[in-house]
Amino acid sequence: MSRTPEPSTSVPRPLKLAEQALSRLGVSGRALIIFAPAVWLTIFFLVPLAVVFGISLSTKQFGRPPYSNLLTFGEAGTVQLTLHLSNFVKLFSDSLYVNAYINSIKIAAIATLIALALGYPMAYFIARASDRWRNVLLMLVILPFWTSFLLRVYALTGFMRGNGVINNFLGLFGIEPLIMMQTDFAVYVGIVYTYLPFMILPLYTNLVKLDGTLLEASADLGARPLRTFLAITLPLSVPGIIAGTMLVFIPAIGEFVIPSLLGGPGTLMIGRVLWDEFFSNTNWPRAAAVAIAMLIVVVVPIMLMQRAQSATVER
Amino acid sequence: MSKQPLIAADTRPWRDPAAKPFVRINNVTKKFADVAAVSDVSLEIYQGELFCLLGGSGSGKSTLLRMLAGFETPTAGTIEIDGQDMTAVPPYSRPVNMMFQSYALFPHMNVEQNIAYGLKRENIASTEVGQRVNELLALVKLAEYGKRKPHQLSGGQRQRVALARALAKRPKLLLLDEPLGALDKKLREETQFELVKIQETLGVTFIVVTHDQEEAMSLATRIGVMNQGEIAQIGEPTDIYEFPNSRFVANFIGSANMFEGVVTEDESDHIMIDSPEAGCAIYVDHGVDCAPAQRLWWAIRPEKILLTRDRPDGVANITRGLVDDIGYLGDTSVYQVVLDSGKKVRVTKANTMRGDLEAIKWDERVYLSWAGNAGSVLTA
């Protein structure tokens, strides 16, 4: 019997029929798949974002809710839209906010660089390890996620406080206790510790795909190992570096828990400022403006990096 | 085994016992966790040769090549290139370049940057690098493609970039791992000749690894046939084809009809073999190093057997069979003939006439005959 492919008309396929019926209504399968996440994002992201943006354009007032309405209804059916830009103006005029933003970006950037410097060799080593070890090492990277983030950060205080593990250990050698808690140092430790896996995993997935014959070809053409790394491995791992950097830098900017638990009063980060405005000052409009401005601070680097990534991926 | 006549102006240094080999592989063994990929291989390759390492997968040919490039270290033995011991020299310090089977072009660099990569590792002025790159691009006929990235090139173009990159540093020895393996048949044949031409113009010594015996035959000055980590035979293509030294080589290179038999006459100028499988006495017109009554094999190539309807004159080297199948390949036809012993014999015949009505057809009883020097006597 010949087995030439023929269009299968004999078997009834309910899904196919449904698809045909939908396509007659102008609904394609692709639109259906995108529909669900689109609804989800609209309800739980876009709408709340619009609400926050609306609040940022109002002013603080006592009562419930603690901000003014944007729309007021006057006599004779007039509707008045009142937009207050004062919150945004305040962000630029009050050095507290500007400093908090700059400081957040600085801390996030330095922590990201440290995470990259630590994570790259780790990812490289895991990618080059034998099959048996690779899974074990990856497991060790992922393992901390099995414990609550909050608990782990809190546990770091046990290490770094005045009579904590590190100082007790140093004390055995007669070294004076170091002050680590409530410093920027502790915040760096906390951020790097927490976000290191987010740096390692994308770098690992990139480096593990690196074609070993390219490294051999480079060596064959006279490049020593360091030159091979700089000319071949590093440029080819740029997409992994970008992905890891984004995954660390973006959450680190808005980090609230780590500076609150580990940082001192001097560690000014935008997450804490936002918390204070919202809960201590009950200034919802100001807090909303801080949040919107932070969103812009975060979205701009994402867009820049995505452009850089699409430029390198195009090949 | 008979010797071929020596030609007057012999340019083949391997026939000159005083010639100094350029590459000398001495008793090299490479083991991967107790399994020997290459075992006790010794090989001498001369300046300007195009040497083919031919073997099936797992024969150790690629491992041997990787040891020459320096990517693998021999478990035992030494490798000398141009009189210097290279066994412990890292790949980046060897005067050797390699063209990889996958080409291994750097995807983030364009064609020029790929070719210039090796030159930039030496302190060469950038103007000279540019000049050399242009020369190489012209050599491989890619002058227009310098600014393209590898993914914008066809398979054949990538192959030529890989060749240009490997030649850029003017290595004394170029290693090519299945250089034509990824190309389609037509392109492969064209590229073969280009490769030989480039090799002859530049005078670089080439060592080519291939599993394709046709490729090896048409490219090589000499072929080293590898089997299970060992060199089975080294020789010029005609030697390997016409005078295989073992049943493995006879079967691996081209196709051969193999008959088992017993020596009945062992004279200095001829021997006779009785082979029930062949259904006749086999007369070999030269002396062979064997003993009377020794069991051995006799191999004959399909194109060296003559098919006739009438019995040719003579006593030996004539047997009968029935045409079982005919494969028409255009230039030749392949006949499968079943001998009276049940042995199937493959015979090829050139189709020199168009629409030959006299051609032998299916189910005909035919005589098979051959000359006294047509076959090879194999004792291993």
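Residues numbered from 1 in each chain as written. Chains lettered and ligands numbered in written order. Predicted model: local features only at pLDDT ≥ 70, side-chain atom pairs only at ≥ 80, totals over all residues.

Under an unreviewed UniProt entry, the name given to chain B is Spermidine/putrescine import ATP-binding protein PotA, and the source organism is Devosia rhodophyticola. Under the UniProt heading Subunit (unreviewed entry), the entry covering chain B gives this text: "The complex is composed of two ATP-binding proteins (PotA), two transmembrane proteins (PotB and PotC) and a solute-binding protein (PotD)." Among the UniProt annotations of chain B, the heading Sequence similarities (unreviewed entry) holds the following wording: "Belongs to the ABC transporter superfamily. Spermidine/putrescine importer (TC 3.A.1.11.1) family." (UniProt positions renumbered as here; feature names shortened; annotations may be inferred.)

As recorded in an unreviewed UniProt entry, chain A goes by the name ABC transporter permease subunit, listed as coming from Devosia rhodophyticola. Per its UniProt entry, chain A bears the Sequence similarities (unreviewed entry) comment "Belongs to the binding-protein-dependent transport system permease family. CysTW subfamily."

Asker: Help me understand the sheet that holds strand E20 (residues 375-378) of chain B in this model?
Answerer: All names here are of chain B. Strand order across the open sheet formed by 5 strands is E13-E12-E11-E14-E20, with antiparallel pairing between neighbours. At either end of the open sheet lies a strand with only one pairing partner, and these are strand E13 (280-284) and E20. Strand-to-strand, the axes of this sheet are offset by a mean angle of 40 degrees, without reference to chain direction. (Pairing = 2+ DSSP bridges. Helix = DSSP H or I, 4+ residues; strand = E, 2+ residues; numbered from the N terminus. Axes fitted to C-alpha atoms, helices over the stretch in contact; angles between N-to-C directions.)

Asker: Hey, could you run me through the interface of chain B and chain A in this one?
Answerer: Interface size is commonly expressed as the accessible surface area that is lost when the partners come together. Taken together, the 19 residues of chain B in the interface contact 16 residues of chain A. Breaking the side of chain B that touches chain A down by element, the ones donating at least two residues are strand E6 (96-99) and helix H2 (111-121) of chain B. When residues of the side of chain B that touches chain A are assigned to their parent elements, the largest contribution, 3 residues, is made by H2 of chain B. (Contact = placed C-beta atoms within 7 Å.)

Asker: Can you help me understand the sheet that holds strand E5 (residues 84-85) of chain B in this one?
Answerer: Sheet strands associate in pairs through backbone hydrogen bonding, adopting either a parallel or an antiparallel arrangement. Residue and element names in this part refer to chain B. Taken in spatial order, the 4 strands line up as E2-E1-E4-E5 in an open sheet, and their pairing is antiparallel. Unpaired on one side and paired on the other, strand E2 (35-45) and E5 mark the two borders of the sheet. Pairing analysis gives 2 bridges linking strand E4 (residues 76-81) to E5, with the strands arranged antiparallel. Counted as the bridge partner of Glu80 is Asp85 from E5. Packing of helix H1 (residues 61-69) onto the sheet brings it into contact with strand E1 (23-32), E2 and E4, and relative to E2 it is tilted by some 65 degrees.

Asker: Just checking my understanding: could you explain helix H10 (residues 225-236) of chain A for this structure?
Answerer: Given 3.6 residues to a turn, an α-helix orients residues that are three or four positions apart in the same direction. Residue and element names in this part refer to chain A. Helix length check: H10 (12 residues) gives 15 Å between terminal C-alpha atoms against 16 Å at 1.5 Å per residue, within 8%. Buried within H10 we find Thr228, Ala231, Ile232 and Leu236. Considered in projection along H10, the buried side chains sweep an arc of 95 degrees and stay on one side of the axis. Among the exposed residues of H10, those oriented more than 90 degrees off its buried face are Leu226, Leu230 and Leu234. Looking at the buried side of H10, the elements it contacts are helix H9 (212-220). (Expected span 1.5 Å × (residues − 1). Buried ≥ 20, exposed ≤ 12 C-beta atoms within 10 Å, placed from the backbone. Arc of directions from axis to C-beta.)

Asker: Just to check I follow, could you spell out the UniProt feature "transmembrane region" (unreviewed entry) in chain A for this structure?
Answerer: Mapped onto this structure's residue numbering, the UniProt feature "transmembrane region" (unreviewed entry) falls at residues 32-55, 105-127, 136-155, 185-207, 228-250 and 287-305 of chain A. What you have in residues 136-155 of chain A is 70% helix and 0% strand, and the ends, taken at the C-alpha atoms, are 24 Å apart.

Asker: Would you mind showing me how to read the packing of helix H4 (residues 95-128) of chain A against helix H11 (residues 238-253) of chain A here?
Answerer: For any two helices packed against each other, the geometry comes down to the angle between their axes and how far apart the axes lie. All names here are of chain A. Taken N-terminus to C-terminus, the directions of H4 and H11 make an angle of 145 degrees; their axes are 9 Å apart at the nearest point. The crossing of H4 and H11 is right-handed. For the pair H4 and H11, the contacting residues are Ser104, Ile105, Ala108, Ala109, Ala111, Thr112, Ala115, Leu116 and Gly119 in the first and Ile241, Gly244, Thr245, Val248, Phe249, Ala252 and Ile253 in the second. The class makeup of the residues in the contact of H4 with H11 is 11 nonpolar, 5 polar and no charged. (Left-handed = near helix turned anticlockwise from the far one by under 90°. Nonpolar A, V, L, I, M, F, W, Y, C, P; charged D, E, K, R; others polar.)

Asker: Is there a simple way to explain the environment of Ile273 of chain B in this structure?
Answerer: Residue and element names in this part refer to chain B. Considering the arrangement of structural elements, one finds Ile273 in strand E12 (residues 271-275). Its 28 C-beta neighbours within 10 Å are what place Ile273 among the buried residues. For the pair Ile273 and His211, spaced 62 residues apart in sequence, the C-alpha separation works out to 34 Å. In this view, Ile273 contacts Gly261, Val262, Val263, Thr264, Ile282, Val284 and Trp298; residues no more than four positions away in its chain are not counted.

Asker: How do you make sense of the UniProt feature "domain: ABC transmembrane type-1" (unreviewed entry) in chain A when you look at a structure like this?
Answerer: When the UniProt feature table is mapped onto this chain, "domain: ABC transmembrane type-1" (unreviewed entry) is found at residues 101-305 of chain A. Helix makes up 79% of residues 101-305 of chain A and strand makes up 0%, while its end C-alpha atoms are separated by 20 Å.

Asker: Please clarify how unusual backbone geometry should be interpreted in this entry.
Answerer: Negative phi characterises most residues that are not glycine, and trans characterises most peptide bonds. Pro65 of chain A follows Arg64 of chain A through a cis peptide bond whose omega is -5 degrees. Tracing the backbone through its elements, the reader meets Pro65 of chain A in the loop between helix H2 (29-56) and strand E1 (71-73). If you check the backbone angles, Arg170 of chain B has positive phi at about 50 degrees while not being a glycine. Relative to the helices and strands, Arg170 of chain B is located in the loop between helix H4 (155-167) and strand E7 (173-177).

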